Amino acid sequence: MTTTTPSVLFVCVHNAGRSQMAAGYLRHLAAGRIEVRSAGSIPADQINPVAVEAMLEEGIDIRGEAPKVLTTEAVQDSDVVITMGCGDACPFFPGKRYEDWKLDDPAGQGIESVRPIRDEIRRRIKELIASLEPAAAKAAGA
């Protein structure tokens with residue numbers, strides 16, 4: 001029996017805030033049952049320190065991550081592509097599941113403004129996992 005682990009790609013412009021928080025939550029909550037990627041159409045030099053702080057409050061450390069450039073291969077290799085304000089920069093491939101999450105940009109915001117963004121990302125990640133869980137459970141041999 002061959003089953004594959006579902007894979008998700010999170011894309012935002014700078015790959016420094018929203019997409020990194022989403023990837024951090026998915027890695028943490030799916031515990032290896034879902035492959036996680038993130039990228040940006042114009043990656044920043046570093047992850048937003050306030051996003052790092054907000055995730056540390058949740059017990060999730062994303063300090064080791066770095067913004068990555070969006071590649072056609074990353075999109076091609078993913079089952080689900082979730083965009084967060086990258087507009088038309090994301091290549092489209094038929095047969096992929098695309099979602100566009102309208103979220104405020106945490107860039108330049110203080111921790112008080114970033115927490116609600118983080119909490120909304122967590123809520124959406126839980127819904128995403130639930131939608132992918134049958135495939136993830138199959139991949140884990142359950």
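Below, the structure is looked at part by part.

Cut-offs used in this document
- Residues numbered from 1 in each chain as written.
- Predicted model: local features only at pLDDT ≥ 70, side-chain atom pairs only at ≥ 80, totals over all residues.
- Heavy atoms only, no water.
- Helix = DSSP H or I, 4+ residues; strand = E, 2+ residues; numbered from the N terminus.
- Polar contact = N/O pair within 3.5 Å; in protein donor to acceptor, adjacent residues only side chain to side chain.
- Contact = heavy atoms within 4.5 Å.
- Phe/Tyr/Trp six-rings, centres within 6.5 Å; stacked < 30°, edge-to-face > 60°.
- Buried < 20%, exposed > 50% of the residue type's maximum accessible area, 1.4 Å probe, protein only.
- Core = buried A, V, L, I, M, F, W, Y, C linked by side-chain atoms within 4.5 Å.

## Thoughts on the side chain of R18
Relative to the elements of secondary structure, R18 occurs in helix 1 (residues 18–30). A distance of 3.0 Å separates a polar atom in the side chain of R18 from the backbone oxygen of L103. For R18, the contacting residues outside a window of four places in its chain are C12, M84, L103, D104, D105, P106, I117 and I121.

## Points about the packing of aromatic side chains
How two aromatic rings sit relative to each other is set out by the distance from centre to centre and by the angle between their planes. Enumeration according to the criterion identifies 1 aromatic pair in this entry. Measuring from ring centre to ring centre gives 6.0 Å for F10 and W101, while their planes differ by 55°; the resulting arrangement is tilted. Residue F10 is located in strand 1 (residues 7–12), and its partner W101 is located in the loop between strand 4 (97–100) and helix 4 (111–139); the two are separated by 91 residues in the primary sequence. On the accessibility criterion, W101 (5% relative accessible area) is buried.

## A word on the nonpolar core
The biggest cluster of nonpolar side chains holds 32 residues, and the ones touching the most others in it are V8, F10, L26, I125 and L128. Elements represented by at least two residues in this core include exactly strand 1, helix 1, helix 2 (49–56), strand 3 (80–83) and helix 4. Broken down by element, this core gets its largest block of residues, 8 residues, from helix 4. With near-sequence residues (within four places) excluded, L26 lies in contact with V8, F10, A31, I34, V36, I125, L128 and I129.

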